[in-house]
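# Breakdown of the fold
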Amino acid sequence: MAKQVKLSAQTRLHVGRSAVKKLSAQGIVPAVIYGAKEEAQALQISRREINTLLSHAVGENILVDLEITDQGKVTSKLALIQEVQHTALGGKVLHVDFHAVSQNETLQASIPIEALGEAIGVRSYGGILEQNVRSLEIECLPKDLPELISVDVSNLNIGDSIHVKDIVLPAGVTAVVDGGLTVFLVAAPTVEEEKPAAEVAPTSPEVIKEKKVEGAAGDAAAGDKKAGDKKPADKK
C-alpha cells in the first residue's frame, strides 16, 4: 500500500511573482490544496521537506497527511500530490498541487505495472516480452491505494499473454478499464530472411581497337606503312 507521510504546511497570505520570489529566497515553495468539496486554499511548504518526501517516493501516487497551520490553529487534511512543477534547468521545485481526499470515499488513480520474473518463452526460446499497458486505472479507498502493481510473468511461454482480468489485485482495489486488455505478451523471436545472392551480369569480351596516332608522328607512321605496302619492281 502507498505510504501515508506527514508534511507541514502554512496558509499563504500573499500571492504574485514578488511574493513567490521572496518565499523562494527563504527556501519555501508555494502550494495549493483543492477538492473534497472545499474551496482552494493557498499554502506554503518547506523546500527541504518536499524534496525529502519526493526523493523517497516509490510510485506516482503519494498520499500526504497535511498538517496545516493557520493563525496558530493546526488542522489535518489527507491529500494526494496531484502535480509538482519544476524548473527546466536543475529540476528545482516551483509549485505543488495537492488534491484533498476523504478516508471514506473511493478515489481513482493510475498505478504503474511491473513485471516479476523472467518468462519461460524468453529464457528458453528467445521470445520477446511485450508490455502493452504500463499503468492501470484503479479505484479504491485511500488506505488501500497501492504504490505498484506487480505481475508474475515467469510462466509465460511463446504466444501466452496476461490480460487485465487475469491480474490479482490487492484487497479493496478494482480495475476500472476493460478486463480484456492485454498487459503482457510473449512474442516469438524475429528471424531475418536471408537475402538471395546478387546475380552478376555477364560481361562482353573487350574489343581492342588500333589507336589513331595524330600529328606529325602519325603522318610519318602512315608514310612508312604506305612505303612498306609497295610491291618491289620486277627485275628485267
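Attention in this report is confined to the structure presented alongside it.

### What to know about a nonpolar patch on the surface
Judged by side-chain polarity, Val176, Val177 and Leu181 come together as a nonpolar surface patch covering roughly 190 Å² of accessible area. As for its placement among the helices and strands, Val176 is situated in the loop between β12 (174-175) and β13 (182-187). Exposure remark for Val176: the relative accessible area of 37% places this residue in the partly exposed category.

### Topic: the sheet that holds strand β6 (residues 93-100)
With mixed pairing, six strands are arranged side by side around a closed barrel as β1-β3-β2-β6-β5-β4. Sheet twist, expressed as the mean angle between neighbouring strand axes with direction ignored, is 45°. Here helix α2 (residues 47-55) sits on the sheet in contact with β1 (4-11), β2 (28-35), β3 (38-46), β4 (63-70), β5 (73-86) and β6, set at roughly 95° to β3.

### Notes on the pattern of salt bridges
With the rule as written, the count across this model stands at two salt bridges. One salt bridge in this structure joins Lys6 and Glu67, with 3.7 Å as the shortest N-O distance. Of this pair, Lys6 sits in strand β1 while Glu67 sits in strand β4, placing them 61 residues apart in sequence. The class for Lys6 is exposed, based on a relative accessible area of 61%. Residue class for Glu67 comes out partly exposed when judged on its relative accessible area of 29%. Across the salt bridge formed by Asp144 and Lys143, the nearest N and O atoms sit 3.2 Å from each other. Overall, the relative accessible area of 13% leaves Asp144 in the buried class.

### Some details on the pairing of strand β9 (residues 135-140)
The side-chain alternation of β9 yields one buried face, formed by Leu136, Ile138 and Cys140, and one unburied face, formed by Ser135, Glu137 and Glu139. Two strands pair when backbone bridges link them, and strand β7 (residues 107-116) and β9 are joined in this way by six bridges, in the antiparallel orientation. Paired with Ile111 across the bridge in β9 is Leu136. As judged from the two bridges shared by β9 and β12, these two strands associate in the antiparallel manner. Across the sheet, Glu139 pairs through a bridge with Thr174, a residue of β12.

### Some points on the sheet that holds β7
Ordered by their spatial adjacency, four strands build an open sheet running β10-β7-β9-β12, and the pairing between neighbours is mixed. This sheet does not close on itself; its edge strands, each paired only once, are β10 (149-152) and β12.

### Topic: the environment of Glu137
Position of Glu137 relative to the elements: it lies in strand β9. Look at Glu137 and you get partly exposed, because its relative accessible area is 35%. For the pair Glu137 and Ala175, spaced 38 residues apart in sequence, the C-alpha to C-alpha distance is 6.0 Å. Not counting residues within four places of it along the chain, the set of residues in contact with Glu137 comprises Ala109, Ser110, Thr174, Ala175, Val176 and Val177. Looking at Glu137, its side chain comes within polar contact range of the side chain of Ser110, at 3.3 Å.

### Describing the side chain of Asn61
As for its position among the elements, Asn61 is in the loop between α2 and β4. Look at Asn61 and you get buried, because its relative accessible area is 16%. Polar side-chain contacts of Asn61 include one of 2.9 Å to the backbone oxygen of Ser110.

### Concerning α2
Listing the buried residues of α2 in full gives Arg47, Ile50 and Leu53. The buried residues of α2 occupy one face: seen down the axis, they fall within an arc of 130°. What points out from α2, more than 90 degrees from its buried face, is the exposed set Arg48 and Ser55. Where α2 begins, the side chain of Ser46 points an oxygen toward the backbone nitrogen of Arg48, at a separation of 3.3 Å.

Reading the values: the criteria
Residues numbered from 1 in each chain as written. Predicted model: local features only at pLDDT ≥ 70, side-chain atom pairs only at ≥ 80, totals over all residues. Heavy atoms only, no water. Patch = residues over 30% accessible without salt bridge, like charges linked within 9 Å, V, L, I, M, F, W, Y side chains within 5 Å. Areas by Shrake-Rupley, 256 points an atom, 1.4 Å probe, with all protein chains shown as cover. Salt bridge = Lys/Arg side-chain N within 4 Å of Asp/Glu carboxyl O. Helix = DSSP H or I, 4+ residues; strand = E, 2+ residues; numbered from the N terminus. Buried < 20%, exposed > 50% of the residue type's maximum accessible area, 1.4 Å probe, protein only. Pairing = 2+ DSSP bridges. Axes fitted to C-alpha atoms, helices over the stretch in contact; angles between N-to-C directions. Contact = heavy atoms within 4.5 Å. Polar contact = N/O pair within 3.5 Å; in protein donor to acceptor, adjacent residues only side chain to side chain. Arc of directions from axis to C-beta.

So far we have only geometry, and geometry alone does not tell us how the molecule works.
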